[in-house]
Amino acid sequence: MFALVDGNNFYCSCERVFQPRLQGRPMVVLSNNDGCAIARSDESKQLGIKMGAPFFQIKDLERTAGLVALSANFTLYGDMSARMMSLAAEMGPEQEIYSIDESFIGLAGVRKTEITQRAWDTRTKILQWTGIPTCVGIGSTKTLAKLANYIAKTTDRKPGSYPVRLGKVCNLVDLNDRQRRLLYENTAIGEVWGIGRRISKQLESSGVETIWQFMQLDAGTVRSRWSVVLERTWRELHGQSCISIEEAAAKKEIAHTRSFGHPVTEITELASAITEFATRAAAKARKQNSNVGQVLVFARTSPFRVKDTQYSRSIVVPLSRPCADTLQITSAALAGLKRLYKPGINYCKAGVMLLDLQDAAIHQSELGLFDIEDAEKSKRLMKAIDAVTDRFGHGSIQLGAALLGKKKWEKRQERRTPHYTTSLAEVAIARA
DNA sequence: TCTGGGGTCCTAGGACCC
DNA sequence: TCTGGGGTCCTAGGACCC
């Protein structure tokens, strides 16, 4: 048995904890550069705002419908997430943190008759201790727990949207066959975890529109017409558990990419951006104790600027020896940038990805004596840099190249709320 | 004028090598 | 007329997820 605990409209809910006046109002949280809506409150969904809607297209609603739009405050959301996750973990013996606002709970060993009550208790505690509303879905597989969570969220938002009475907790195991069938007949196949736009379109064109219809296919057909991956989803819907709780593992790739606040043409400015991106990515690699084998750098135009000459290119630069040294990673990225740079182009986005990551603890036996000395020196320097960054924040210590150029590329972010929970200077003030 | 970022997995063609 | 096969790397892109 599995549960999925999911924060409702998570980013919006985090903001509402510290600005209660936002309760009940239509609000959205915007992506970097205040570009598009990445989180919506129920009220803004009702206004018809779609996920990913460009802000400039919905800006009028600020005036006409009282919409509140905030810049993303990821520092706040990350901290609130950690608080929520530690409480969700109490629901069962295993937890897999699946995203910033969701975690799967493995319920092996928990009495079946107690599970639903535990879910309610967990949800209540998270709401009381953090202010974040959640929904909990429970099923005999992870896919069913996800589905149950979707159903709970949907009925929570619009009571009566399903022919079965449900609340913020949905345990599919508590339902009888007739009730489950009603739910499956009333849910589009595209809502299932792992079935995206493309596959649901293919299914629909062969007459499969609901979960119930999909479940009536036979496993062999699903495998031969689609894939073993979709067959696994089919089995999971039938209650056969194929996907287990996963341990937190080191990332296989680490990326730091940004759209620019304004288009950039000069290589010095691109170099300043790439230097900062590489610095941030290298720090992430050290945080998970990885060495980097290859550095990918890319730069591209914006497909939305249709009059611009379009250009997009990426280059992979291997490191002579895997390391997590900011200087080496940055110089590899800059070498790649030099090779892909073409003058006269309006670059709108660039990034650095670290590939071929390997555990830094694995001893590099082929290192010579001088290499070892170098590696030790580098490790000490990086440790010092990380300590300064932890204490004073990103950007408090940086490479010279990051400071060159006019930084036209820097993000615009005009509506960010304070770092209420992680910075003493910005902590929330209570007034009597 | 203004359109996100971070992941995983898979496929496929061309270059290059033996 | 007939024109290898297999492996790896690079690059690009597409599917899915949040």
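Numbers given for residues are sequential positions, taken from 1 along each chain in its written order. Note on labels: chains are lettered from A, ligands numbered from 1, in written order. Residues qualify for local features only when their pLDDT is at least 70, as the model is predicted, and side-chain atom pairs are given and counted only at 80 or more; totals for whole chains, interfaces and linings, by contrast, use all residues.

K.L.:
Just to check I follow, could you spell out the sheet that holds strand β9 (residues 254-264) for this structure?
P.N.:
One key point about sheets: their strands pair by backbone hydrogen bonds, in either a parallel or an antiparallel sense. Ordered in space as β9-β12-β10-β11, the four strands form an open sheet in which the pairing is antiparallel. With partners counted over all chains shown, the strands left at the sheet margins are β9 and β11 (312-323), one partner each. The sheet shows a mean angle of 15° between the axes of neighbouring strands, direction not considered. Pairing between two strands requires that DSSP report at least two bridges joining them. Numbered from the N terminus, helices here are DSSP runs of H or I no shorter than four residues, and strands are runs of E no shorter than two. Here β9 pairs with strand β12 (residues 347-359) via seven bridges, running antiparallel. Considered in β12, the bridge of His256 is made with Val352. Angular values range over 0 to 180 degrees, each being the angle between N-to-C directions of two axes fitted as lines to C-alpha atoms, with helices fitted over their stretch in contact.

K.L.:
What exactly am I supposed to notice about the domain arrangement of chain A here?
P.N.:
The parts lose accessible area when they come together, and the size of an interface is often stated as this lost area. One can read the domain layout of chain A as domain 1 (2-7 + 76-237), domain 2 (10-74) and domain 3 (254-403). Per the annotation, domain bounds derive from an automatic or database assignment of domains. The gap between the C-alpha centroids of domain 1 and domain 3 is 38 Å.

K.L.:
Explanation requested: the UniProt feature "domain: UmuC" (unreviewed entry) in chain A in the structure shown.
P.N.:
According to UniProt, the feature "domain: UmuC" (unreviewed entry) maps to residues 2-196 in the numbering used here. The annotated region residues 2-196 carries 43% helix and 19% strand content, and the separation between its end C-alpha atoms amounts to 22 Å. UniProt positions are given in the numbering used here, feature names are shortened, and annotations may be inferred rather than shown by experiment.

K.L.:
How should I be thinking about the protein's contact with DNA strand B in this particular structure?
P.N.:
Around DNA strand B there are 24 residues in total, and Ser31, Gly35, Phe56, Ala255 and Thr257 lie nearest to it. Within the residue set of the surface near DNA strand B, elements represented by two or more residues are β9 and β12. If one sorts the elements of the surface near DNA strand B by residue count, β9 sits on top with six residues. For the surface near DNA strand B, the per-class residue count stands at seven nonpolar, 10 polar and seven charged. Placing the C-beta atom from the backbone, one calls a residue near a molecule or strand if that atom lies within 6 Å of it. Three categories are distinguished: nonpolar for Ala, Val, Leu, Ile, Met, Phe, Trp, Tyr, Cys and Pro, charged for Asp, Glu, Lys and Arg, and polar for the others, with Gly belonging to the last.

K.L.:
In this structure, what is going on with the nonpolar core? I would like to understand it.
P.N.:
The tendency in soluble globular proteins is for nonpolar side chains to be buried side by side. For this analysis, nonpolar core means a set of buried Ala, Val, Leu, Ile, Met, Phe, Trp, Tyr and Cys residues linked through C-beta atoms within 7 Å. Neighbour counting defines burial: a residue surrounded by 20 or more other C-beta atoms within 10 Å of its own C-beta is buried, one with 12 or fewer is exposed, and intermediate counts give partly exposed, using backbone-placed C-beta atoms. Counting 61 residues, the largest nonpolar core has Ala3, Val28, Val136, Ile138 and Ala148 as the members making the most contacts within it. Of the residues forming this core, the biggest block, six residues, is contributed by helix α7 (residues 142-157). Among the domains, domain 1 (2-7 + 76-237) and domain 2 (10-74) are the pair contributing at least three residues each to this core. It is the C-beta atoms, placed from the backbone, that decide contacts: two residues are in contact if theirs lie within 7 Å. Those residues in contact with Val28 that sit more than four places away from it in its chain are Ala37, Ala39, Arg40, Ser44, Ile49, Leu67 and Ala69. Residues Val295, Ala350, Val352 and Trp409 belong to the second largest nonpolar core, which totals 35 residues.

K.L.:
Which parts of the structure should I look at to understand the sheet that holds strand β5 (residues 94-99)?
P.N.:
One open sheet accounts for five strands, arranged β5-β6-β1-β7-β8; its pairing is mixed. Only two strands of the sheet have a single neighbouring strand rather than two, namely β5 and β8 (169-171). Each strand axis lies, on average, 15° off the axis of its neighbour in the sheet, ignoring direction. Note: strand β1 (residues 2-7) against strand β7 (residues 134-139), six bridges, orientation antiparallel. When the bridges of β7 are listed, Ala3 appears paired with Ile138. Strand contacts of helix α5 (residues 74-88): β1, β5 and β6 (102-106), with the helix running at about 15° to β6, the strand carrying the most contacts. Against the sheet, α7 contacts β1, β6, β7 and β8, and its axis sits at roughly 140° relative to β7.

K.L.:
Explanation requested: unusual backbone geometry in the structure shown.
P.N.:
As a rule of thumb, non-glycine residues mostly have phi less than zero, and peptide bonds are mostly trans rather than cis. Positive phi values are uncommon outside glycine, yet Asn289 reaches one of about 65°. Within the secondary structure, Asn289 sits in the loop between α13 (267-287) and β10 (290-300). Residue class for Asn289 comes out exposed when judged on the 12 C-beta atoms lying within 10 Å of it.

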